[in-house]
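# A closer look at the structure
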Amino acid sequence: MPLPDRPRVVITGAASGLGHAFALELARSKSARVLVADVNLEGAEETARLVREAGGEASTVKCDVSRREEVLALPDEADRALGGTDFLINNAGVAVGGMMGDVPLEDWDWVMGINLWGVIYGCHAFAPRLRAQRHGAILNVASAAGLLCAPPLMPYNVTKAGVVALSETLRAELGPSGVTVTVLCPTFFKTGIAASGRTHVPGAGPEAVERMMARSKVQADGVAQFAIKAVDRGDLYALPHADGRVAWHLKRSAPQAFYDWIVPRVMRRMK
């Protein structure tokens, strides 16, 4: 079922990047009422201001998605600010790169807490309410890295693969109640994730990742538009980048051929 007019939307990590783009696109296209959640409250307030200018309504809340109690409080905050929730976007994310044994366990804890536990907390908090009201949608932001699992982003890949598995399972669980679940799996596009990430790969710092982001023909606004259309159609997967779609089909049809193709390609891009 397509999203309703003026949907009530909760977006985590909405102060910048893709979350910011989601908020503005939903305001422009659907006059959405948005709860902008982010650990950066100043950035969240700026997103909310732009949402209002774009024709939507907005409230803000400070939320660190790695903190269980802060995410579990979001449904009640949405009830107060919006009168309920029609659409949850679990968007907040960070990046960690490196090989097993090189990445400190503290960095594993950090990326798991935000990228995977943050999504688990969000789904745990909202799924029962959406099920009870028998309508709504959840969009979990994963990555092509959760499908393709190429080096040297092992911790990031693991978290995003977990989000894909969670989304596939949750879709089956919520489907009979009329609630849809979509998982977004983009490849590279410009965000601040490289600058805020942690890497343990020589020569693969933020500059290398940003070069790959700049090459993308689809950037944050386009990714947001693509994903919202996928949610309106009730799709399970949203794969906005052509190279991600090609690689996914290759992996499914010929796994060894996929790895023979993707690994050298990724390593060349890192140079």
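Remember, predicted model here, so these are calculated numbers, not experimental data.

Moving on, we come to the pairing of strand 2 (residues 33-38). Side chains on a regular strand alternate between the two faces of the sheet. Within strand 2, six of the six residues are buried, which leaves it mostly tucked inside the rest of the structure. Side chains Arg33, Leu35 and Ala37 of strand 2 all project onto a buried face; the interleaved residues Val34, Val36 and Asp38 project onto the opposite face, where all are buried too. Relative to strand 2, strand 1 (residues 8-12) runs parallel, the two sharing five bridges. Residue pairing in the sheet places Thr12 in a bridge with Ala37 of strand 2. Handedness of the crossover is the feature at issue here: the chain leaves strand 1, passes through helix 1 (residues 17-30), returns alongside strand 2, and the resulting connection is right-handed. The sheet contact formed by strand 2 and strand 3 (residues 57-62) spans six bridges and is parallel. Residue pairing for strand 3: Leu35 is matched across the bridge by Ser59. The parallel pair strand 2 and strand 3 is bridged by helix 2 (residues 41-53), and the resulting crossover is right-handed.

Take the nonpolar core next. In this structure, Leu74, Ile138 and Leu170 are the most contacted members of the largest nonpolar core, which totals 41 residues. Within the residue set of this core, elements represented by two or more residues are strand 2, helix 4 (74-82), helix 5 (105-133), helix 6 (145-148), helix 7 (154-174) and strand 7 (179-184). Top contributing element to this core by residue count: helix 5, with eleven residues. Contacts of Leu74, omitting those with residues within four sequence positions, involve Val10, Thr12, Leu35, Ala37, Val61, Cys63 and Phe126. Ala58, Phe87, Ala220 and Val231 belong to the second largest nonpolar core, which has 32 residues in total.

As a further point, take the pattern of salt bridges. Side chains bearing opposite charge may pair, as long as their charged atoms lie close to each other. Evaluation of the coordinates by the stated rule reveals eleven salt bridges. Between Lys30 and Asp232 there is a salt bridge, with the nearest N and O atoms lying 3.1 Å from each other. In this pair, Lys30 is assigned in helix 1 and Asp232 in helix 10 (residues 220-233), connecting sequence segments 202 residues apart. Residue Lys30 is classed as buried on the basis of its relative accessible area, which comes to 17%.

Rules of the game
- Residues numbered from 1 in each chain as written.
- Predicted model: local features only at pLDDT ≥ 70, side-chain atom pairs only at ≥ 80, totals over all residues.
- Heavy atoms only, no water.
- Buried < 20%, exposed > 50% of the residue type's maximum accessible area, 1.4 Å probe, protein only.
- Helix = DSSP H or I, 4+ residues; strand = E, 2+ residues; numbered from the N terminus.
- Pairing = 2+ DSSP bridges.
- Right-handed = clockwise from strand over helix to strand, strands pointing away.
- Core = buried A, V, L, I, M, F, W, Y, C linked by side-chain atoms within 4.5 Å.
- Contact = heavy atoms within 4.5 Å.
- Salt bridge = Lys/Arg side-chain N within 4 Å of Asp/Glu carboxyl O.

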